[in-house]
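# Overview (structure and organization)
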Amino acid sequence: MATKEQFLDRIANRLGRERRTGARVPEWKNNPWDNLRDGPGNEGQVELFRKSLEALGGRFYQASGAEEIKEVLKEILEKEQVKSLVYNKDQRLLDLGLAHYLDEMGIETRVWDPAGNHEELKTFAEQADAGIVFADLGLAETATVLFYNGGPKGRSVSLLPPVFITFLRKRDMVPRLTQAVAHLEERAQKEGLPAYTNFVTGPSRSGDIEMDLSIGVHGPASAYVILLDP
Amino acid sequence: MAHEPAFQERVKKALQNENMKKALRNVQATFRNGRDRQVEIMGNWDEWVDRAKEIRAHVLENLDSYLDQFSTNVEKNGGKVFFAATGQEAIEYITNLAREKNCKTFVKSKSMVSEEIHLNHALEEMGIDVAETDLGEYIIQLAHEPPAHIVGPALHKTREEISELFSQLAGKKLSKDTPTLTRFVRKTLRPKFLNAEIGMTGCNFAVASTGSVVVVTNEGNADMSTISPKAHIVLMGMERIVPDWKSLDVCQTLLPRAATGQAMNVYTNVISGPKQAADIDGPEEWHVVILDNGRSNILGTKYREVLHCIRCGACLNYCPTYRQIGGQAYGFAYSGPIGAILACLLDDIKVWKDLPFACTLCGACTENCSVGIPLDQFILQLRVEAVQKGLTPWSERVAMKAFSTAASNPGLYELGLKIGRSVLRGRANQDGVIEKGPGPLAAWTQHKDFPLPAEQSFRDWWRKEGGNQ
Amino acid sequence: MKASLFITCVNDVFYPRVGKAMVQVLRKCGVQLDFPEGQVCCGQPSYNSGYHEETRQAAKQIISAFANSEYVVGASGSCVGMIKQHYPELFQDEPDWEDRARELSQKIYEFSQFLVEVLRVEDVGAVLNATATYHQSCHMTRILKETETPKRLLEKVQGLEMVELPLGTDCCGFGGTFSVKMAHISEAMVQEKTEHIMETKARVLIGADMACLMNISGRLRRNGQKLRVMHIAEVLAEGSAG
């Protein structure tokens, strides 16, 4: 069995030199994303995000203020006939007063709380009709949302239920992946990356059956993004 | 795995498969149109390709350093790294782990590397239920067939065939509409995801700076394979490294666009460790198996750039040979131009020597490669190697010698032409065309008419009149 | 203006009419022509099959034949591409021949390139009343990297209506010895090519590479599909008094 040293030695050997460490990426002057950097301004980004999301079969809402948020949620949850729902114990979600609305609508809910019973939570999430999460970033170019999961923010919440609802703050919208990776790199340096970081773009899909679109293969079939402004 | 006549057999079979033909045309049209549209939208596609090429070249140049950094960071993050020099070592590690975990169900997200080393077979021999979860892989697993395309392994299957396969499993007749078939898959695989002891994924990109593994899917099966099982194994080719997140941007900008015409995959997962103490879901153990299996052999050769490949499949989508024969005819885990080259380099050119010759050197692959690999030049180089190793037919070597003699001797050439002309004249029909040619010409005339040499060659005409006008 | 003709072995043997048409058109443009008899074959058959030692022999013959030429005008995009792109590489271990190869690669042009880029002529007064489609050879497209000059010349042909060929950048399936070694795959490719050609409803198929056209016309004929197959030189020689 090869040890790490043997493995890496062989590589150096094949490259015709001694072992090397500490390699760094060269500083390139021009970058392919330079012309994309000055993307559409915030309004343009929102519009681009909306168009891209809808083209993928996702649905986009905007809401500002408690009343609108409540209305939008009610509309979605009634439309999807949601009876049970799990959401992350995310302060941003709690600040929206989520618990209160959901209670009013008579929906059975669980909060993804590490202090709770893990097995019970996982089972509930697996059987829930919907999951609500809060995105950390939105990528306008591709209608992608980014989640730093971990602890009270579970991957299961956005993945397992067939309906996936995410809130996204307008000010967390960035033009594209280029800004997102910078954000990732910074976060990695400051506090490390969680075990699970996800970029999600629309509902789960596949083209494997005669190139015909299958929606909701393993992940959610319905994807909603609610943009909060501010 | 394949031997000489087998390739031609597989080719003939593929050419006779009407469903395959329809599917291949559809696949190429869809993926080409998708990619072309994205290229147009980006506006500066070549700049991205050039940068990707630079990054990949830089990584390979420093592969030991980046693998060192990556594995150190994976371990810092709480993962275990295993360096597998050969496919056999990787299989041993994985099967040992399966034994240790008393694994009954092993869920797999798509991994071309696992097909390269034939991992499924080894696990199945232990009595483990190996559940492929990528829809295309699942279909071909049920059908006991090899993949037909790098990105969409079951693209040659009709919905009737798929419905038949699923119906057999369901024990009842399922209709063949997409939603029904999709629902069946979701329902059937979900318990496997939730109950599997081990989940395995491939790796699209391994980011050295943070010890992270990036896995992309559209279905969410990589996510499903990694949040419930207690152990997650990543199986990666050692060349899948990117140095940092800026580099990942370039590669991930190109990959979905080049592969299917999507701007972004639905699920792009960044895994940077096993579950942390406060996490509710996620694996307790994270194993990253880094595989060599012949890649280091390629490092020190003129074919090094082949390791740039990000497995987008664009070369397949533009290849006229692939278009006609599909992926299964190649007989190797990877097909198309990249597959033809990898088969000869990762395995033995003696075994795979047909593949580099199943190509017209049209150059479409190189033109569309996301990372600028000179695929057609490598294919030609492999032909040169095949010749040098004496792998081409004796009769061909003789013919080529005769050719070069005639090509360097105009007098001999004209003599040969006179003789050839008189021989072929006897084989022509009344329209002055050959329908049944002798010798090597027979292969041509089986499918096409062949012209008779003209009564008077150009040079003869020039000598007699053309030059004097 | 003096130029040497590089007719190519395929045209010399099978399609001398292409060479004659080239001569007619070039002379009409005032070019003084010669035909170095030393030329035989550019070596693509052996080159593409992996026999590079044999190819060097053929290449040396070509290089020597055109040593004294000011310009060389070639009747095939792929042959000219071979010489321009691959000859210098072929001789990387023989510096003397490498220099000579480079010299040739700098003065050789494909026929339509020569007209448009060197002679700066696009309208040679050709007349051809027909609907036609153009097949671009892969090697001319991707090795010689020339797609524009034939189009510009054909645009100026009076009475000629060009219809675009669907999947026009796809290979016709010739590929040299591929057409014999991998005959079944070659057949599938050329059959599809003929289907696309028939879709255009064109009565004439035009190309700048007779090897491709030999392949395609062989299949058209076998299918009983009656199309006139012409090299671009023949098109340009049409309707203009010789």
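Residues numbered from 1 in each chain as written. Chains lettered and ligands numbered in written order. Predicted model: local features only at pLDDT ≥ 70, side-chain atom pairs only at ≥ 80, totals over all residues. Heavy atoms only, no water.

Another aspect to go through is the overall build of chain B. If you tally the helices and strands in chain B, you get 24 helices and 12 strands. Counting only C-alpha atoms, chain B reaches 95 × 55 × 45 Å along its principal axes. Burial analysis of chain B (469 residues in total) assigns 65% to the buried set. Surface accessibility of chain B: about 16,500 Å² in total, with carbon and sulfur atoms responsible for 52%. Distance between charge centroids for chain B: 5 Å, based on 54 positive and 55 negative side chains. (Helix = DSSP H or I, 4+ residues; strand = E, 2+ residues; numbered from the N terminus. Buried < 20%, exposed > 50% of the residue type's maximum accessible area, 1.4 Å probe, protein only. Areas by Shrake-Rupley, 256 points an atom, 1.4 Å probe, with all protein chains shown as cover. Lys, Arg positive; Asp, Glu negative; His and termini not counted. Charge placed at Lys NZ, Arg CZ, Asp CG, Glu CD.)

The next point concerns the sheet that holds strand β6 (residues 212-217) of chain B. Strand order in this open sheet of 8 strands is β8(A)-β5(A)-β6(A)-β9(A)-β9(B)-β6(B)-β5(B)-β8(B), and the pairing throughout is mixed. Each of the sheet's edge strands pairs with one partner strand only, and the pair in question is β8 (173-174) of chain A together with β8 (241-242) of chain B. In this sheet, strand β9 (residues 196-200) of chain A lies alongside strand β6 (residues 144-148) of chain A in antiparallel orientation, the contact comprising 4 bridges. Within the sheet, the bridge partner assigned to F147 of chain A lies in β9 of chain A and is N198 of chain A. Strands in contact with helix α12 (residues 245-259) of chain B are β5 (205-207), β6, β8 and β9 (267-271) of chain B; relative to β5 of chain B, the strand with the most contacts, it is inclined by about 165°. (Pairing = 2+ DSSP bridges. Contact = heavy atoms within 4.5 Å. Axes fitted to C-alpha atoms, helices over the stretch in contact; angles between N-to-C directions.)

Attention now goes to the domain arrangement of chain C. Residues and elements named next belong to chain C. Segmentation of chain C into domains returns domain 1 (2-117) and domain 2 (123-237). A straight line from the C-alpha centre of domain 1 to that of domain 2 covers 21 Å. Opposite the 32 residues of domain 1 that make contact, domain 2 presents 25 residues. Buried area between domain 1 and domain 2, both sides added, is near 2,200 Å², and the carbon and sulfur share of it is 64%. Per-residue buried area on domain 1 facing domain 2 is highest for Y15, S112 and V116; these three make up 18% of the total on that side. (Domains from an automatic or database assignment. Buried area = accessible area lost by both parts, 1.4 Å probe.)

For the rest of this paragraph, the subject is the packing of helix α1 (residues 4-14) of chain A against helix α4 (residues 63-76) of chain B. At their nearest, the axes of α1 of chain A and α4 of chain B sit 8 Å apart, and the two run at 155° to each other. In terms of orientation, α1 of chain A lies roughly antiparallel with respect to α4 of chain B. Residue-level inspection shows K4, F7, L8, I11 and A12 of chain A of α1 of chain A in contact with α4 of chain B, the latter providing L63, D64, L67, D68, S71 and T72 of chain B. (Parallel < 35°, antiparallel > 145°, perpendicular 65-115°, else oblique.)

Another point: the interface of chain A and chain B. Contact residues are listed per partner, giving 82 residues for chain A and 103 residues for chain B. Overall, the association of chain A and chain B removes approximately 7,500 Å² of surface from exposure, summing both partners, and the carbon and sulfur fraction of that is 58%. Across the chain A-chain B interface, the total number found is 10 salt bridges. The salt bridge involving E141 of chain A is made with R257 of chain B; its shortest N-O contact spans 3.0 Å. At the surface where chain A touches chain B, the tally comes to 52 residue pairs in polar contact (both at pLDDT 80 or more). Among the elements of the structure, α1, α2 (34-37), α7 (118-127), α8 (155-159), α9 (177-191), β9, β10 (205-209) and β11 (212-215) of chain A are those that each provide at least two residues to the side of chain A that touches chain B. With 7 residues, α1 of chain A is the largest single contributor of residues to the side of chain A that touches chain B. For the side of chain A that touches chain B, a count of residues per class yields 38 nonpolar, 25 polar and 19 charged. Of the pairings in the sheet, the one linking β9 of chain A to β9 of chain B comprises 5 bridges and is antiparallel in character. Opposite Y196 of chain A, over in β9 of chain B, you have I271 of chain B as the bridge partner. (Salt bridge = Lys/Arg side-chain N within 4 Å of Asp/Glu carboxyl O. Polar contact = N/O pair within 3.5 Å; in protein donor to acceptor, adjacent residues only side chain to side chain. Nonpolar A, V, L, I, M, F, W, Y, C, P; charged D, E, K, R; others polar.)

Glancing now at the pairing of strand β5 (residues 127-135) of chain C. Residue and element names in this part refer to chain C. As defined by bridge partners, β5 adjoins strand β6 (residues 158-163) across 5 bridges and the pair is classed as parallel. By the bridge assignment, T133 is partnered in β6 with V163. Pairing between β5 and strand β7 (residues 204-207): 4 bridges, direction parallel. Among the inter-strand pairings, A132 is bridged to a residue of β7, identified as V204.

Let's shift gears to the interface of chain B and chain C. Of the residues lining the interface, 65 residues belong to chain B; the matching set on chain C comes to 64 residues. Summed over both sides, the interface of chain B with chain C buries roughly 5,800 Å², with 60% coming from carbon and sulfur. Together, H447, F458 and W462 of chain B form the three largest contributors to the area buried by chain B at its contact with chain C, with a combined 13%. Remark: the boundary between chain B and chain C carries 10 salt bridges. Linking R142 of chain C and E367 of chain B is a salt bridge whose minimum nitrogen-to-oxygen distance equals 3.0 Å. Where chain B meets chain C, there are 30 residue pairs in polar contact (both at pLDDT 80 or more).

Moving on to the arrangement of the chains. Counting contacts across all 2 pairs of chains found in contact, the highest total belongs to chains A and B. In this structure chain A stays clear of chain C, and the shortest span between their C-alpha atoms is 20 Å.

So, about the packing of aromatic side chains. Considering all chains together, one arrives at 27 aromatic pairs over all chains under this definition. Following the ring pairs from residue to residue traces out a cluster consisting of W444 and F450 of chain B together with F14, Y15 and F174 of chain C. Sitting over the face of the ring of Y148 of chain A, R187 of chain A holds its NZ or CZ atom 4.3 Å from the ring centroid. The ring of W444 of chain B has K448 of chain B sitting right over it, with the charged end atom 4.3 Å from the ring centre. (Phe/Tyr/Trp six-rings, centres within 6.5 Å; stacked < 30°, edge-to-face > 60°. Lys NZ or Arg CZ within 6 Å of the ring centre and 35° of its normal.)

On to the pattern of salt bridges. Enumeration over the complete set of coordinates arrives at 67 salt bridges over all chains. Between R25 of chain B and E192 of chain C there is a salt bridge; the shortest N-O distance is 3.5 Å. Taken together, the positions of R25 of chain B in helix α2 (residues 18-42) and E192 of chain C in helix α11 (residues 183-199) put the pair across two chains. Taking the shortest distance from any N to any O, the salt bridge between D449 of chain B and R222 of chain C comes out at 2.7 Å. You can see D449 of chain B sitting in the loop between α23 (441-445) and β12 (450-451) and its partner R222 of chain C sitting in helix α12 (residues 210-222), one on each of two chains.

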